[in-house]
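Architecture at a glance
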Amino acid sequence: MAEKEISKAVVARLPRYYRYLGELMEEGVERISSNELSLRMKVTASQIRQDLNNFGGFGQQGYGYNVKYLYAEIAKILGIDRQHNLIIIGAGNLGQAIANYANFEKRGFLIKGMFDVNPRLIGLIVRGVEIRSIDELETFVKENDVQIAALTIPKTKAPEIADRLVKAGVKAIWNFAHTDLNVPEDVVVENVHLSESLMRLSYRVCRIQDREEKSREKTQKKKKA
């Protein structure tokens, strides 16, 4: 039987379920209903049930979900129950900030190396990880079974480096460069555009401000009438 294709929207919600279930475990909650979970997450109970039913359901009618079990199952679905070797290309401020984020290791992402072209950075240690010359990239990838690479480099350099990574055997690229990458179908790219995220935030803030402004104008007109 062919594997069921899960929508991107459902997959995008799974890390959020995982985070909330982790918080419930810290609070000592052993089981929770879809209705109770919906109140916490501001997602309808129906949506939660539909999402989880894509993977088998995991709940029992009249009992709800076993929090610890569901947490572990979502970890398996997301693949964070296993180790992923990761490298960072670009050891500037963003690259070093990623390297210093300890939670990655808790999620199974082990930063094996960092690479840069700046000779002043090469040889420095960031949270136990040595910054290496980009010339060592292919050899390091093959010797350390690297599956994922984070690109925190200028967009002009990203296509060339992405091509080198693909040829070296990397299967996933976490792309912080502000450009789209042309890679084979069997290579996964997750684009992170910080400026686009800020622009979406700006749009939402402006809509709120516009509504508040219109509300004030209506109130003033009523007072004058």
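Shown above is the structure to which this text applies.
Residues numbered from 1 in each chain as written. Predicted model: local features only at pLDDT ≥ 70, side-chain atom pairs only at ≥ 80, totals over all residues. Heavy atoms only, no water.

Some thoughts on the environment of Ala149
Following the sequence through the fold, Ala149 ends up in strand E8 (residues 148–151). Residue Ala149 is classed as buried on the basis of its relative accessible area, which comes to 0%. When the C-alpha atoms of Ala149 and Leu110 are compared, they prove to be 11 Å apart, with 39 residues separating the residues in sequence. The residues contacting Ala149, other than those within four sequence positions of it, are Ile87, Leu165, Val170, Ala172, Ile173 and Trp174. (Helix = DSSP H or I, 4+ residues; strand = E, 2+ residues; numbered from the N terminus. Buried < 20%, exposed > 50% of the residue type's maximum accessible area, 1.4 Å probe, protein only. Contact = heavy atoms within 4.5 Å.)

As for the pattern of salt bridges
Per the counting criterion, the structure on display carries twelve salt bridges. In this structure, Lys167 and Asp163 form a salt bridge, with 3.1 Å as the shortest nitrogen-oxygen distance. Highlighted residues: Lys167 and Asp163, both in helix H8 (residues 158–168), separated by four residues, approximately one helical turn. Relative accessible area serves as the criterion here: at 66%, Lys167 is assigned to the exposed category. (Salt bridge = Lys/Arg side-chain N within 4 Å of Asp/Glu carboxyl O.)

Examining unusual backbone geometry
Phi is positive for Lys42, close to 60°, though the residue is something other than glycine. Relative to the helices and strands, Lys42 is located in the loop between helix H2 (34–41) and helix H3 (45–53). What makes Lys42 exposed here is its relative accessible area of 72%. Even without being a glycine, Arg127 presents a positive backbone phi close to 50°. If you trace the backbone, Arg127 turns up in the loop between strand E6 (125–126) and strand E7 (129–133). Given a relative accessible area of 38%, Arg127 falls into the partly exposed group.

Function-wise, these values are silent; they only describe arrangement.
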